[in-house]
Amino acid sequence: MIYTYLGPSGTFTESALLQVPGAADARRVPAASVNAALENVRSGAADAAMVPIENSVEGGVSATLDAIATGGSLQIVGEYLVPITFVLVARPGVDTLESVRTVATHGHAWAQCRGWAEANIPAAEFVPASSTAAGALALLEPDNAYDAAICSPLVAERHPLTVLRAGIEDNAGAVTRFVLVRRPGQLPPSSGSDKTTVVIPLPEDHPGALMGILEQFAARGVNLSRIESRPTGQGLGSYFFSVDADGHIDEARMADALAGLHRISPDIRFLGSYPSARISDASRPSVARHNTDEAFAAAAAWVRRLRSHRA
Ligand SMILES: O=C(O)C(=O)C[C@]1(C(=O)O)C=C[C@@H](O)C=C1
């Protein structure tokens, strides 16, 4: 098994990958971007990719949402949660906050520390890096052009970087959600606590299209845990919705909702049903009697009986 992930080593994405049973001893190939990691899977260079999809403070990771919504089909087979805390590290020679003029980090990390940065290093300029670890490791390069980086405490432990401040995130308790992605194949079996991810192009010039999409879930008692609109890139007014819904396609209410969605938006993309990494089962909504598999089976049998009795 070959895994790939948003690298280099020391990213939060690598921490998510290390939660996968067996991944710590498997081959792990760092990729320079989310897109590159997904391409490694599409091309067969790797069997599975770990990529960030959503942060509890900053929201969806557009690079991932867009890259799995288009191009060769991929399938999400699992989700993993990583608690996020950041440190500010400096290159050798920079040892006070006052001397920090430039900070390299991932855009999502900067967004989660912006308040702290404005209060503590107001003159510092943000330099976008492909990941938190990439920004930090660049500080050790001889021709490096910036003073500090925001990264995980893990990177700071592993490399000779000076930690200027720890715990600089604006929101304590932030969590990033990662997904493990493979080429389409066998679906993970229903675990009783699953998620299904779909990408639904919004039919254009169709009043009420979004309402029609949401009704497919609502009418079957399917709870949504994430819904995001993203531009398709094909012109103003052209959108797709990226949706996570609670449940597995093997459950009748989910299968029925997906069939309804396909009638509204035939280019819908199914990205998989996979075990949910929900922190607590307490928040799992119960399924009303009329939305159970048994109720769907009884209703379908009733209609079959009616149709078989012809005059
Ligand atoms: O740069 C990293 O370390 C990543 O794993 C990426 C990423 C993200 O895309 O949100 C992951 C977690 C943090 O929220 C910040 C950055």
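Keep in mind that this is a model prediction, so the values were computed, not measured. (Residues numbered from 1 in each chain as written. Predicted model: local features only at pLDDT ≥ 70, side-chain atom pairs only at ≥ 80, totals over all residues. Heavy atoms only, no water.)

Some details on the UniProt feature "domain: Prephenate dehydratase" (unreviewed entry) in the chain
Here, the residues flagged by UniProt with the feature "domain: Prephenate dehydratase" (unreviewed entry) are residues 2-183. A distance of 13 Å separates the end C-alpha atoms of residues 2-183, which is 28% helix and 32% strand. (UniProt positions renumbered as here; feature names shortened; annotations may be inferred. Helix = DSSP H or I, 4+ residues; strand = E, 2+ residues; numbered from the N terminus.)

A closer look at the pattern of salt bridges
One pass over the structure, following the stated rule, counts 14 salt bridges. With a shortest N-O distance of 3.6 Å, E14 and R158 are connected by a salt bridge. Of the two residues, E14 sits in helix α1 (residues 12-17) while R158 sits in helix α6 (residues 153-158), which places them 144 residues apart along the sequence. Classification of E14 as buried rests on a relative accessible area of 3%. Residue R253 is joined to E251 by a salt bridge in which the shortest nitrogen-to-oxygen separation is 3.3 Å. Relative accessible area serves as the criterion here: at 9%, R253 is assigned to the buried category. (Salt bridge = Lys/Arg side-chain N within 4 Å of Asp/Glu carboxyl O. Buried < 20%, exposed > 50% of the residue type's maximum accessible area, 1.4 Å probe, protein only.)

What to know about helix α3 (residues 62-69)
When α3 is considered as a whole, its buried residues turn out to be T64, L65, A67, I68 and A69. Two residues or fewer after α3 comes G71, characterised by a positive phi angle close to 75°.

Some remarks on the packing of aromatic side chains
In total, this model carries 2 aromatic pairs according to the counting rule given. When the centroid spacing of 5.4 Å and the interplanar angle of 85° are considered together, the rings of F12 and F86 count as edge-to-face. Here F12, found in helix α1, pairs with F86, found in the loop between β5 (75-83) and β6 (87-90); they are 74 residues apart in sequence, far enough to count as distant. Take F12 and F86: they sit in the same class, and that class is buried. Judged by centre distance (5.1 Å) and plane angle (5°), the rings of W110 and F126 are stacked. Remark: F126 occurs in strand β8 (residues 125-128) and W110 occurs in helix α4 (residues 107-120); sequence separation between them is 16 residues. Here F126 falls in the partly exposed class, since its relative accessible area comes to 27%. (Phe/Tyr/Trp six-rings, centres within 6.5 Å; stacked < 30°, edge-to-face > 60°.)

So, the UniProt feature "domain: ACT" (unreviewed entry) in the chain
UniProt annotation of "domain: ACT" (unreviewed entry) refers to residues 198-275 when read in the numbering used here. Spanning residues 198-275, this segment combines 29% helix with 35% strand, and its end C-alpha atoms are found 15 Å apart.

Some details on the layout of surface pockets
Here the second largest pocket is characterised by a volume of approximately 240 Å³. Lining of the second largest pocket is provided by 15 residues; of these, E54, E79, L81, R177 and K195 occupy positions nearest its centre. Put simply, the parts of the chain that give the lining of the second largest pocket at least two residues each are β3 (48-55), β5, β11 (175-182) and β13 (224-231). A class-by-class count of the residues in the lining of the second largest pocket yields 4 nonpolar, 4 polar and 7 charged. Counting contributing residues, the lining of the second largest pocket receives three or more from each of domain 1 (1-83 + 177-185) and domain 3 (187-311). (1 Å grid on protein atoms, 1.4 Å probe; cavity = no way out; pocket = protein on both sides within 12 Å on 5 of 7 lines; lining within 4 Å. Points joined across faces, edges and corners; volume = space filled by probe spheres on them. Nonpolar A, V, L, I, M, F, W, Y, C, P; charged D, E, K, R; others polar. Domains from an automatic or database assignment.)

Here we look at the sheet that holds strand β7 (residues 102-105)
In any sheet, the strands associate via hydrogen bonds between backbone groups, in a parallel or an antiparallel arrangement. Spatial strand order, β8-β7-β9-β6-β10: 5 strands in an open sheet with mixed pairing. Sheet topology places β8 and β10 (162-166) at the edges, where each strand pairs with a single neighbour. On average, each strand axis in the sheet is tilted by 30° relative to the strand beside it, whichever way the strands run. Pairing of β7 with strand β9 (residues 148-151) involves 2 bridges; the strand directions are parallel. Note on β9: the bridge partner recorded for V103 is A148. (Pairing = 2+ DSSP bridges. Axes fitted to C-alpha atoms, helices over the stretch in contact; angles between N-to-C directions.)

Comments concerning empty space enclosed by the protein
Applying the stated criterion across every chain, the model contains 1 cavity of 30 Å³ or more. Computed from the structure, the largest cavity encloses a volume of approximately 200 Å³. Around the largest cavity sit 17 residues that line it, and F12, P52, H106, H108 and T132 are the ones nearest its centre. Mapped by element, the contributors of at least two residues to the lining of the largest cavity are α1, β3, α4 and β11. Top element by residues in the lining of the largest cavity is α4. It accounts for 3 residues. Looking at the lining of the largest cavity, its residues break down into 8 nonpolar, 9 polar and no charged. Of the residues that make up the lining of the largest cavity, three or more belong to each of domain 1 (1-83 + 177-185) and domain 2 (87-166).

What about the sheet that holds β13?
Pairing within the open sheet is antiparallel, and its 4 strands lie in the order β13-β14-β12-β15. Strands at the two margins of the open sheet, each flanked by one partner only, are β13 and β15 (269-275). Going from strand to strand, the sheet's axes swing by 15° on average, the running direction of each strand aside. The strands touched by helix α8 (residues 252-264) within the sheet are β12 (194-201), β14 (239-246) and β15, with β12 carrying the most contacts at an inclination of about 5°. (Contact = heavy atoms within 4.5 Å.)

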